[in-house]
Amino acid sequence: QVQLVESGGGLVPARGSLRLSCAASGGTFSSYTMGWFRQAPGKDREFLATISGAGGTSDYADSVKGRFTISRDNAKNTVYLQMNSLKFEDTAVYYCAAGPGTTMFSAYRHITSGYRDWGQGTQVTVSS
């Protein structure tokens, strides 16, 4: 089991930028597919981005493609989500998640059941 701690959330004006970090401990970080999801009040948890263990493959939801970038530093056991051109509708609690290495190359990469371990979340609020 891997423990995940997100940071970097906060209040940002529309069209602003924010970078989220997720520090992992336990397990072999470079073997995990890492994903970012978000959940707004009253809505289901939504897939945003995912990245393979080595960092060479990534995938994004259409809603954030071109605005958000996922990356990882395996030497620091950390995955990042750079968010640019933020919109009011990006307001949500953001979660990172870890899944098996095979998740990245399966249909499960876009859904919560493809990931086993979750962080506690960090709030992102975009002011209009």
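Let us look at the structure shown here. Keep in mind the model is a prediction, meaning the values are calculated, not measured. (Residues numbered from 1 in each chain as written. Predicted model: local features only at pLDDT ≥ 70, side-chain atom pairs only at ≥ 80, totals over all residues. Heavy atoms only, no water.)

1. Concerning the overall build of the protein
Each helix and strand in the protein was counted, giving zero helices and 11 strands. Computed over C-alpha atoms, the radius of gyration of the protein comes to 13 Å, within 12% of the 14 Å expected from 2.2 N^0.38 for 128 residues, which places it in the range of a compact globule. Looking at the protein alone, contacts between residues at least 24 apart form 59% of all its contacts between residues at least 6 apart. Accessible surface, the protein as shown: approximately 6200 Å² in total, 50% of it carbon and sulfur. (Helix = DSSP H or I, 4+ residues; strand = E, 2+ residues; numbered from the N terminus. Rg over C-alpha atoms; globule rule 2.2 N^0.38 Å. Contact = heavy atoms within 4.5 Å. Areas by Shrake-Rupley, 256 points an atom, 1.4 Å probe, with all protein chains shown as cover.)

2. With respect to the pairing of strand 5 (residues 46–51)
Along strand 5, five of the six residues are buried, which leaves the element largely enclosed by surrounding structure. The pairing of strand 4 (residues 33–39) with strand 5 spans five bridges and is classified as antiparallel. Residue pairing across strands places Arg38 opposite Glu46, the latter belonging to strand 5. Here three bridges tie strand 5 to strand 6 (residues 58–60), and the two strands are oriented antiparallel to one another. Note that in strand 6 the partner of Ala49 across the bridge is Tyr60. What sits between the antiparallel neighbours strand 5 and strand 6 is a turn of six residues, in which Gly55 has the positive phi angle 90 degrees. (Buried < 20%, exposed > 50% of the residue type's maximum accessible area, 1.4 Å probe, protein only. Pairing = 2+ DSSP bridges.)

3. Looking at the nonpolar core
Ranked by size, the top nonpolar core spans 34 residues in total, and within it Met34, Trp36, Leu81, Met83 and Tyr94 carry the most contacts. Elements with a contribution of two residues or more to this core: strand 3 (18–25), strand 4, strand 5, strand 7 (68–73), strand 8 (78–83), strand 9 (92–99) and strand 11 (122–127). With five residues, the single largest contributor to this core is strand 9. Excluding residues that lie within four positions of it along the chain, Met83 makes contacts with Gly16, Ser17, Leu18, Leu20, Arg67, Phe68, Tyr94 and Val124. (Core = buried A, V, L, I, M, F, W, Y, C linked by side-chain atoms within 4.5 Å.)

4. Some details on the sheet that holds strand 7
If you trace the four strands from one edge of the open sheet to the other, you get 1-3-8-7, paired in antiparallel fashion. For this open sheet the edge positions go to strand 1 (3–7) and strand 7, each flanked by a neighbour on one side alone. Strand-to-strand twist in this sheet, taken as the mean axis angle between neighbours without regard to direction, amounts to 15 degrees. In this structure, strand 7 lies alongside strand 8, joined through six bridges in antiparallel fashion. Along strand 8, the bridge assignment pairs Asp73 with Thr78. (Axes fitted to C-alpha atoms, helices over the stretch in contact; angles between N-to-C directions.)

5. Focus on the pattern of salt bridges
For the structure on display, the rule yields six salt bridges. Linking Lys65 and Asp62 is a salt bridge whose minimum nitrogen-to-oxygen distance equals 3.4 Å. Where Arg116 meets Asp117, a salt bridge forms, and the shortest distance between an N and an O atom there is 3.1 Å. Residues participating in the shared-partner salt-bridge network are Arg38, Glu46, Arg67 and Asp90. (Salt bridge = Lys/Arg side-chain N within 4 Å of Asp/Glu carboxyl O.)

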